[in-house]
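Here are the chains, one letter per residue:
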Amino acid sequence: MTLAEMSFVLPDLRPAAAEIFLLVMACAILLIDVFSKNPKRTMTFVLTQVTLLCCVFITFATSSAEITYTFSNMFVDDLMADFLKLLLYLTVLVVMFYSRAYMLERAPHATGEFFALTLFATLGMMVMISANHFVTVYLGLELLSLSLYAMVALNRDSVQATEAAMKYFVLGALASGLLLYGMSMIYGATGTLEITGVAERLAMGVANKTVLTLGLVFLVAGIAFKLGVVPFHMWIPDVYHGAPTAVTLLIGSAPKLAAFAIVMRMLVNGLIVLAVDWQQMLIILSVLSMAIGNLAAIAQTNLKRMLAYSAISHMGFMLLGIVTGVVGGDARYALNAYSSAMFYVVTYVITSAGTFGMILLLARSGFESDQLDDFKGLNKRSPWFAAIMMMLMFSMAGVPFFVGFFAKLSVLQAVVAAGYMWLAIAAVIFSLIGAYYYLRVVKLMYFDEPTDTSPIDAPFDIKLLMSANGLAVAVLGIFPQALMSLCAYSLLRSL
Amino acid sequence: MEFKTAVFYFLSAILVFASLRVITARNPVHAALNLILAFFSAAGVWALLQAEFLAISLILVYVGAVMVLFLFVVMMLDINLDRIREGFWSYLPLGAIVGLVMVAELGAVMAANYLGVLETDAPQAVAGASNTKDLGRLIYTDFVYPFELASVILLVAIVAAIAITYRGPKKTKYTDPAEQVRVRAKDRIRVLQMPAEKQD
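Just so you know, these numbers come straight off a predicted model, no measurement behind them.

Caption draft 1: Main features of the overall build of chain B. Counting secondary structure elements, chain B contains 10 helices and 0 strands. Traced from its N-terminal end to its C-terminal end, chain B shows the element sequence α-α-α-α-α-α-α-α-α-α. Taken over 200 residues, chain B has a buried fraction of 18%. A separation threshold of at least 6 residues defines the contact pool for chain B, and within that pool the share at least 24 residues apart is 58%. Accessible surface, chain B as shown: approximately 16100 Å² in total, 68% of it carbon and sulfur.

Caption draft 2: Region of interest: the overall build of chain A. Secondary structure assignment for chain A yields 20 helices and 2 strands. Relative to the globule expectation of 23 Å for 495 residues, the C-alpha radius of gyration of chain A, 22 Å, shows essentially globular dimensions. The principal-axis extent of the C-alpha atoms belonging to chain A is close to 70 × 60 × 40 Å. Relative to all contacts within chain A whose residues are 6 or more apart in sequence, the contacts with residues 24 or more apart total 80%. A total of about 17700 Å² of accessible surface is found on chain A, and carbon and sulfur atoms cover 70% of it. Between the averaged position of the 26 positive side-chain charges in chain A and that of its 27 negative side-chain charges there is a distance of 5 Å.

Caption draft 3: Structural view of the interface of chain B and chain A. With 28 residues of chain B at the interface, the matching set in chain A holds 34 residues. Across the chain B/chain A interface, buried area totals approximately 3000 Å², and carbon plus sulfur atoms make up 79% of it. Between chain B and chain A we count 0 salt bridges in total. At the surface where chain B touches chain A, the tally comes to 1 residue pair in polar contact (both at pLDDT 80 or more). Listed by contribution, the elements that provide at least two residues to the side of chain B that touches chain A are α5 (88–111), α6 (114–118), α7 (131–140) and α8 (144–165) of chain B. A total of 13 residues in the side of chain B that touches chain A trace back to one element, the largest contributor, which is α8(B). For the side of chain B that touches chain A, a count of residues per class yields 20 nonpolar, 4 polar and 4 charged.

Caption draft 4: Seen up close, the pattern of salt bridges. Residue and element names in this part refer to chain A. This structure, assessed with the given rule, holds 11 salt bridges over all chains. A salt bridge links R41 to D33, with the shortest nitrogen-to-oxygen separation between them at 3.1 Å. Each member of the pair, R41 as well as D33, is classed as buried. Among the ionic pairs, D238 bridges to R305, the shortest N-O distance being 3.1 Å. Taken together, the residues D238 in helix α9 (residues 235–242) and R305 in helix α13 (residues 303–323) connect sequence positions 67 residues apart. Through salt bridges with shared partners, one network takes in E163, K167, D238 and R305.

Caption draft 5: Expanded view of helix α3 (residues 79–106) of chain A. All names here are of chain A. Between its terminal C-alpha atoms α3 stretches 39 Å, which fits the 40 Å expected from 28 residues at 1.5 Å a residue. A maximum bend of about 45° is found in α3 at S99. Across the 28 residues that make up α3, a large majority, 24, are buried.

Caption draft 6: Geometry of the UniProt feature "transmembrane region" (unreviewed entry) in chain B. When the UniProt feature table is mapped onto this chain, "transmembrane region" (unreviewed entry) is found at residues 6–24, 31–49, 55–77, 89–112 and 143–166 of chain B. In the segment residues 55–77 of chain B, helix accounts for 96% and strand for 0%; the C-alpha atoms at its two ends are 31 Å apart.

Caption draft 7: Examining the packing of α3(A) against helix α4 (residues 111–129) of chain A more closely. Residue and element names in this part refer to chain A. Contact geometry of α3 with α4 gives a least axis separation of 11 Å together with a crossing angle of 165°. Classed by the angle they form, the pair α3 and α4 counts as roughly antiparallel. Relative to α4, α3 is oriented so that their crossing is right-handed. Facing A81, L84, K85, L88, Y89, V92, M96, S99, R100, M103 and L104 of α3, the residues of α4 in contact are T111, F114, F115, T118, L119, T122, M125, M126 and I129. A per-class count over the contact of α3 with α4 returns 14 nonpolar, 4 polar and 2 charged.

Caption draft 8: Representation of the packing of aromatic side chains within the structure. All names here are of chain A. Applying the stated criterion to the full structure yields 21 aromatic pairs over all chains. Measuring from centroid to centroid gives 5.6 Å for F45 and F97, while their planes differ by 80°, and the two rings are edge-to-face. Here F45, found in helix α2 (residues 42–62), pairs with F97, found in helix α3; they are 52 residues apart in sequence, far enough to count as distant. Since its relative accessible area comes to 8%, F45 is described here as buried. Look at F97 and you get partly exposed, because its relative accessible area is 24%. An aromatic cluster is defined as three or more aromatic residues linked by ring pairs; in this entry it consists of F45, F97, F114 and F115. The ring of F45 has R100 lying over it, and the distance from NZ or CZ to the ring centre is 4.5 Å. Positioned above the aromatic ring of F317, the side-chain terminus of K408 is 5.2 Å from the ring centre.

Caption draft 9: Representation of the side chain of A:E194. Residue and element names in this part refer to chain A. The topology assignment puts E194 in the loop between α6 (159–190) and α7 (195–204). Although E194 lies buried, it forms no salt bridge, and the closest oppositely charged side chain, R201, sits 8.1 Å away as judged by the N-O distance. In terms of polar contacts, E194 uses its side chain to reach the side chain of N73, at 3.2 Å. With residues up to four places along the chain from it excluded, the contact list for E194 reads S72, N73, N132 and H133.

Caption draft 10: Structural context of the environment of A:S99. Within the secondary structure layout, A:S99 lies in helix α3. Not counting residues within four places of it along the chain, the set of residues in contact with A:S99 comprises A:F114, A:A246, A:L249 and A:L360.

Caption draft 11: Seen up close, a nonpolar patch on the surface. Residue and element names in this part refer to chain B. A contiguous nonpolar patch, built from I56, L60, V61, Y62, V66 and F70 and spanning about 560 Å² of accessible area, is present on the exposed surface. Assignment of secondary structure puts V66 in helix α3 (residues 52–76). Residue classification places V66 among the partly exposed positions, given a relative accessible area of 31%.

The rules behind each value
Residues numbered from 1 in each chain as written. Chains lettered and ligands numbered in written order. Predicted model: local features only at pLDDT ≥ 70, side-chain atom pairs only at ≥ 80, totals over all residues. Heavy atoms only, no water. Helix = DSSP H or I, 4+ residues; strand = E, 2+ residues; numbered from the N terminus. Buried < 20%, exposed > 50% of the residue type's maximum accessible area, 1.4 Å probe, protein only. Contact = heavy atoms within 4.5 Å. Areas by Shrake-Rupley, 256 points an atom, 1.4 Å probe, with all protein chains shown as cover. Rg over C-alpha atoms; globule rule 2.2 N^0.38 Å. Lys, Arg positive; Asp, Glu negative; His and termini not counted. Charge placed at Lys NZ, Arg CZ, Asp CG, Glu CD. Buried area = accessible area lost by both parts, 1.4 Å probe. Salt bridge = Lys/Arg side-chain N within 4 Å of Asp/Glu carboxyl O. Polar contact = N/O pair within 3.5 Å; in protein donor to acceptor, adjacent residues only side chain to side chain. Nonpolar A, V, L, I, M, F, W, Y, C, P; charged D, E, K, R; others polar. Expected span 1.5 Å × (residues − 1). Bend = angle between axes of the 7 residues up to and from the residue. UniProt positions renumbered as here; feature names shortened; annotations may be inferred. Axes fitted to C-alpha atoms, helices over the stretch in contact; angles between N-to-C directions. Parallel < 35°, antiparallel > 145°, perpendicular 65-115°, else oblique. Left-handed = near helix turned anticlockwise from the far one by under 90°. Phe/Tyr/Trp six-rings, centres within 6.5 Å; stacked < 30°, edge-to-face > 60°. Lys NZ or Arg CZ within 6 Å of the ring centre and 35° of its normal. Patch = residues over 30% accessible without salt bridge, like charges linked within 9 Å, V, L, I, M, F, W, Y side chains within 5 Å.

Pasting the structure below:
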């Protein structure tokens, strides 16, 4: 082939403008941080926040209701991607605000790297959200996971953090292996790795069903590892517990959005023809997660560990929405079901960011405040933050008129509409069991004597943000309709 | 049997044997050496499929660089084998049963139609085309997005490795001559005012 034959058409860069900008800025911030003398890393911090705000603007400006593919169909930009990315930027922004003081205290040499790695993790999540190719799903996932492994280990003096990082790394590598194996099987059966291409080949019915199903089993196992649902959940409690709380906050919030996106892309966009097969697997994963997550959370004395089990049960609940999309080839309720799952994830991310943020707010040098007992009598120390924590806990438990209640309600509606009555009943029973340990936190805060009486000395801006986060849970609980219809609209334009 | 097929089975047999030895060898150095053998055989299989670029890069990159590094690490670390192998025999029966069941299940699923359906012709290389050139062209055109992402992942690996191991500037015993010259007596000696003690 001569040079003249090698024509190269520049791909349309517009849909990926936010990714490109974020990458350039992340590299720039990395360099600026090296030359920054300020021990408080103000410059790095401000630049990171500005970058995320610019990304909000870019994604908003380049958003269109059409589905656009670029980079030889490896990248897709649709409304679902735009919506999830906007939420992602905001979540990461809030996460960094909460974490800054904590990281400066615990890992003063690596705080700059913490910000840079968070940006790279964000890039990984954006890649996952916009992936239309199994290779880009995998690369996005690895970019996210590698940054997270490193962040868990940043506090190297802590034995717990090192152990958590090792466990996370080894199990994460195993999960990636399973995922890749599944992808290669699907490639073998369909001859393409492009997600829309896989869907076309499957619709034509030319693929080898046996190989495909085998690939699907590995794919679902890999996804389940990353989502952290039973029986692939063993890493979650140890990592949540062992990681520095700032990193737990990051792991426990934003990646759930990206995980939801890859489930939608791979299972719903790509493998919808095999829905009967993957729905059965997801139902088992979902019921087991709700059971084990909620029951094991009761026995915990460490709040981070308790929230880890709660995350497992929430992800199980979210899967119910994905299971009930297409039942027996009937796609009438698909939009409702998928948007209920999306709404569930979004509200979970908001609530979870607030809860871990509260642990960070109460932590100070040499004191982690991650035991349940540390929340005893919080009402006497600060009635306002006790009230906010109560709202967050009520929302997690699904007490009516907080946003978590509407999230659970909409998923349950989808489950009932799909005709899985027993599944809905099981979900309600496990949620009731789960309500116990959330309400226990409220009981500790209001009816027990404080063991720790030092005043809360967090900076004003963090207190303000924390209040806004708590109020968001309450306000969204009163007006859930706006967020719900945003989810439904973005999915309607993307499926 | 064609000559090519015979070579394929020969290479595959070595590959399977070497891979097994990687996980069964008692000595980690032997395991690493077996891994090198496995890479060599895999490179041979690739060469048979006319993917000469992949074959050569596998040998250059993995055998030449990665495995040598691996061997260094294995030889440097003083690994206590007895501790690692503790409990191996007690876990073996359960592990073997689980493994066998899984193999049997997979076999039962696959045996029915695996062999017949998947047999497709290997893509034939166009005469005169060089697959090194084609790979290069594709990586920088159609696959530029994943290629760039892979480079970002490598960057993150570098940043992560430094962030985890770096612990601030080292305190060396270096002294600055200029500072030594500028030093004044009051920098070195501090005169403390002590109240005079009374003699009883």
